[in-house]
Amino acid sequence: MATEPKKIIIDTDPGIDDAMAIFLALRSPEVEVIGLTTIYGNVYTTLATRNALHLLEVAGRTDIPVAEGSHVTLNKEPKLGVTDFVHGADGLGNQNFPPPNGKPIEESAADFLVNQAKVNPGKVTVVALGPLTNIALAIQMDPEFVKNIGQIVLLGGSFAVNGNANPAAEANAADVVFISGANVLAVGINVTHQVVLSGSDREKLASSKGKFAQYLTGILEVYFAYHFDAYNTNGAYLHDPTALLAAVDPSLVTCTEGTVRVQTSGITRGLTILCNKHKSFGEITEWSNKPSVKVAVTVDAPRVVKLVMDRLLS
Ligand SMILES: O=c1[nH]cnc2c1ncn2[C@@H]1O[C@H](CO)[C@@H](O)[C@H]1O
């Protein structure tokens, strides 16, 4: 008997690699996308919502609801900057796309997350591709959320490699989410930096007539230019697609388990530190007696890239 597709909500700040992940999800029969929620990060939240609606229109999937997320950080501070130098001023490679026709639903992202988890207890996976504010708000709003939500697969943390938001920190990590007790799988940039779309992969996308391949060829130009400047490579890291595919097929990564804390202030703000669950210390630490999460440590990069190519070329 065929198993039912896994219901997923993608929390996203599109974003070029977000666009790839959203299209991949729509091409993955293992999952059913029941909504997109938006957040600041690669762009401000208003533009993230506009881009989410636009991407669903490109895909012909305007049946999928978009719920707009928070405009401010968890501490209620306005978001200071976005990474338009990575994704272009419009977040989608400066392609002058027309505004979408659709509108977000009335429910906020956090309300949508809470309510969907409540009506499908244990059945919804959130794939969180941006800063984790909406997820943290859902956790704070409803004490039942961490029980109701099936899993949170998040792109977040850098786990002992340099960050990309600052040398200590990856752009997305949030302490509230890591110690919430929810079933969390964290895929950090120590892992996603191993998954590279090469220049020749991009040429294959460019020569395909597929709708998604054509669209992505246009927006990838800015993303490749950024990687060439920042990392001196003719390739692009597949952050969001890797996290999405880890939710689709967990066998693509291997994991360790332990408590993750996120530094919330000081020069290492955003630093993620994992304490392996089997390790004990002679003193009580800020990691002691806190819930464990799964943290990806290795990835089958060739298989991830092949899945990305096969599904986006078709
Ligand atoms: O250099 C960067 N700085 C900040 N964010 C980035 C950069 N490159 C990619 N992303 C975005 O942040 C997430 C990975 O941390 C990905 O979602 C990607 O879209």
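A quick note: this is a predicted structure, and the numbers were derived from the prediction, not measured. (Residues numbered from 1 in each chain as written. Predicted model: local features only at pLDDT ≥ 70, side-chain atom pairs only at ≥ 80, totals over all residues. Heavy atoms only, no water.)

## A word on the side chain of Thr133
Next, step 1: Its location among the elements puts Thr133 in helix 5 (residues 133-141).
Next, step 2: A distance of 2.5 Å separates polar atoms of two side chains, one belonging to Thr133 and the other to Tyr40.
Next, step 3: Not counting residues within four places of it along the chain, the set of residues in contact with Thr133 comprises Ile39, Tyr40, Ser70, Val72, Thr73 and Leu74. (Helix = DSSP H or I, 4+ residues; strand = E, 2+ residues; numbered from the N terminus. Polar contact = N/O pair within 3.5 Å; in protein donor to acceptor, adjacent residues only side chain to side chain. Contact = heavy atoms within 4.5 Å.)

## Some thoughts on the pairing of strand 5 (residues 151-155)
Next, step 1: Of all 5 residues in strand 5, 5 are buried, a share of seventy percent or more.
Next, step 2: Side-chain alternation along strand 5 places Gln151, Val153 and Leu155 on one buried face and Ile152 and Leu154 on a second face that is also buried.
Next, step 3: Two elements, strand 4 (residues 124-128) and strand 5, share 4 bridges in a ladder whose sense is parallel. Bridge pairing in strand 5 places Thr125 opposite Gln151.
Next, step 4: Looking at chain direction, strand 5 and strand 6 (residues 184-187) are connected through 4 bridges and run parallel. Each bridged residue has a counterpart across the sheet, and for Ile152 the counterpart in strand 6 is Val184. (Buried < 20%, exposed > 50% of the residue type's maximum accessible area, 1.4 Å probe, protein only. Pairing = 2+ DSSP bridges.)

## Description of helix 2 (residues 45-59)
Next, step 1: Across its 15 residues, helix 2 extends 21 Å between first and last C-alpha, which sits within 8% of the 21 Å expected from 1.5 Å per residue.
Next, step 2: Looking at helix 2, one finds that the buried residues are Thr45, Ala48, Thr49, Asn51, Ala52, Leu53, His54, Leu55, Leu56 and Ala59.
Next, step 3: The elements touched by buried residues of helix 2 are strand 1 (6-12), helix 1 (16-26), strand 2 (31-38), strand 3 (66-67) and helix 10 (211-231). (Expected span 1.5 Å × (residues − 1).)

## Points about the environment of Asp63
Next, step 1: Tracing the sequence through the fold places Asp63 in the loop between helix 2 and strand 3.
Next, step 2: Of the residues examined, Asp63 reaches a relative accessible area of 53% and is grouped as exposed.
Next, step 3: It is 38 Å that separates the C-alpha atoms of Asp63 and Asn166, two residues lying 103 residues apart in sequence.
Next, step 4: A polar contact is formed between the side chain of Asp63 and the side chain of Arg61, at a distance of 3.0 Å.

## Quick notes on the packing of helix 4 (residues 109-119) against helix 5
Next, step 1: Running from N to C, helix 4 and helix 5 cross one another at 60 degrees; their axes reach a closest spacing of 8 Å. Accordingly, the angle class assigned to the pair helix 4 and helix 5 is oblique. The crossing of helix 4 and helix 5 is right-handed. The segment helix 4 lies against helix 5, with Ala109, Ala110, Asp111, Leu113 and Val114 engaging Asn134, Ile135, Leu137, Ala138 and Met141.
Next, step 2: Considered class by class, the residues forming the contact of helix 4 with helix 5 number 8 nonpolar, 1 polar and 1 charged. (Axes fitted to C-alpha atoms, helices over the stretch in contact; angles between N-to-C directions. Parallel < 35°, antiparallel > 145°, perpendicular 65-115°, else oblique. Left-handed = near helix turned anticlockwise from the far one by under 90°. Nonpolar A, V, L, I, M, F, W, Y, C, P; charged D, E, K, R; others polar.)

## Examining the confidence of the model for the protein chain
Next, step 1: Confidence in the prediction for the protein chain averages 96 pLDDT; 99% of positions are at 70 or higher.
Next, step 2: Across the interface, the model reports ipTM at 0.94; the global pTM reads 0.97. (pLDDT = per-residue confidence, 0-100.)

## Points about the nonpolar core
Next, step 1: By size, the foremost hydrophobic cluster in this structure holds 60 residues, and its most contacted members are Ile10, Leu216, Leu220, Leu244, Leu245 and Leu312.
Next, step 2: Among the elements that line this core, the one with the most residues is helix 10, at 9 residues.
Next, step 3: Residues contacting Leu216, with those up to four places away along its chain left out, are Ala19, Met20, Phe23 and Leu312.
Next, step 4: By size, the runner-up hydrophobic cluster in this structure holds 30 residues, among which are Ile34, Leu113, Leu154 and Phe178. (Core = buried A, V, L, I, M, F, W, Y, C linked by side-chain atoms within 4.5 Å.)

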